[in-house]
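# Structural characterization, general
Residue-level listing of the chains:
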Amino acid sequence: MALTDDAIARIRSMIQSGELPPGTRLPPEPQLAAQMGLSRSGVREAVKVLESARVLDVRRGDGTYVTSLAPRLLLQGLGVAVELLRDDTLLEVMEVRRILEPMATGLAALRMTDADLDELGQILEDMRAAADDAEKLIQFDTAFHHTVIATTGNETLTSLLDGLSGRTLRARVWRGLIEGNAAHKTIDEHHAIYLALRSRDQLLAQASALIHVNTSEAWLRTVLAAKTAEG
């Protein structure tokens, strides 16, 4: 394990220094191991780890390449991690969303195009049509928020918030809302966000998004409390 960690650190250092920029093909395993003064097995395991982290792309029969290192690749594992979090930690995730999402929505108000707003309006209509269908609501809710955040043009922010808003978390909130007959109220909150964005009002967009995240957090607390009571 120590040799693998050493190999990982050496390859990362080569990438960070620019010796191996994005898109570069790594030397063959024997050459790379000799170059770093490490065993081939250590280098082989390091490549597997870095491939899992989306840092390297192993192309069978071609070689191993440094990926684009784009945020959407490197932060992809965040969503997997969030899906595995325990119930009490999910509330911490909601707290992070409460910090990031309103600011991102305010930024989107300044950057969304008319075409973006039209797309968002259609998603909102789809949400209203699926008000009693949890699966469809999860799908449209994900699309709504991704569309808003993506229009900031900040790929790191988009990847972070996509990862923090995993399917399991959304499912718990929406099922709680439907069971509590509050789905329409939350859809109205989406409509308020849409109207603020349509008016290009940054502060109103921030406030609308904050209200919505607070509602989601409150329902998640209710769902988790009910689960605790049953357990």
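This text goes with the structure placed above it.
Just so you know, these numbers come straight off a predicted model, no measurement behind them.

What counts, and at which threshold
- Residues numbered from 1 in each chain as written.
- Predicted model: local features only at pLDDT ≥ 70, side-chain atom pairs only at ≥ 80, totals over all residues.
- Heavy atoms only, no water.
- Core = buried A, V, L, I, M, F, W, Y, C linked by side-chain atoms within 4.5 Å.
- Buried < 20%, exposed > 50% of the residue type's maximum accessible area, 1.4 Å probe, protein only.
- Helix = DSSP H or I, 4+ residues; strand = E, 2+ residues; numbered from the N terminus.
- Contact = heavy atoms within 4.5 Å.
- Pairing = 2+ DSSP bridges.
- Salt bridge = Lys/Arg side-chain N within 4 Å of Asp/Glu carboxyl O.
- Axes fitted to C-alpha atoms, helices over the stretch in contact; angles between N-to-C directions.
- Parallel < 35°, antiparallel > 145°, perpendicular 65-115°, else oblique.
- Nonpolar A, V, L, I, M, F, W, Y, C, P; charged D, E, K, R; others polar.

### Topic: the nonpolar core
- Counting 28 residues, the largest nonpolar core has Leu-120, Phe-144, Val-148 and Leu-197 as its most contacted members.
- Those elements that provide at least two residues to this core are α6 (87–111), α7 (114–129), α8 (134–150), α9 (155–164), α11 (183–198) and α12 (202–230).
- Setting aside anything within four residues of it in sequence, one finds Phe-144 in contact with Leu-120, Ile-123, Leu-124, Met-127, His-190, Ile-193 and Tyr-194.
- Grouped together as the second largest cluster of nonpolar side chains are 19 residues, Ile-8, Leu-26, Ala-33 and Val-47 included.

### Regarding the environment of Asp-201
- Here Asp-201 shows up in the loop between α11 and α12.
- Residue contacts for Asp-201: discarding those within four places in its chain leaves Ala-109 and Ala-196.

### Focus: the pairing of strand β2 (residues 63–66)
- With 4 bridges connecting them, strand β1 (residues 56–59) and β2 associate as antiparallel partners. Each residue of the ladder has a partner; that of Leu-56, found in β2, is Val-66.
- Counting the residues in the hairpin turn of β1 and β2 gives 3 residues, including Gly-61, whose phi is positive at 80°.

### Focus: the pattern of salt bridges
- Under the defined criterion, the tally for this structure stands at 12 salt bridges.
- Glu-101 serves as the salt-bridge partner of Arg-97, at 3.0 Å between the closest nitrogen and oxygen. You can see Arg-97 and its partner Glu-101 sitting in helix α6, 4 residues apart, about one turn around the helix. Of the two residues, Arg-97 and Glu-101, neither departs from the other in class, the shared state being buried.

### Concerning the packing of helix α1 (residues 2–16) against helix α2 (residues 29–36)
- Direction vectors running N to C along α1 and α2 enclose 95°, while the axes themselves pass 11 Å from each other. As far as their axial angle goes, α2 and α1 are roughly perpendicular. Where α1 abuts α2, its residues Ala-7, Arg-10, Ile-11 and Met-14 lie against Leu-32, Gln-35 and Met-36.
- Residues of the contact of α1 with α2, tallied by class, amount to 5 nonpolar, 1 polar and 1 charged.

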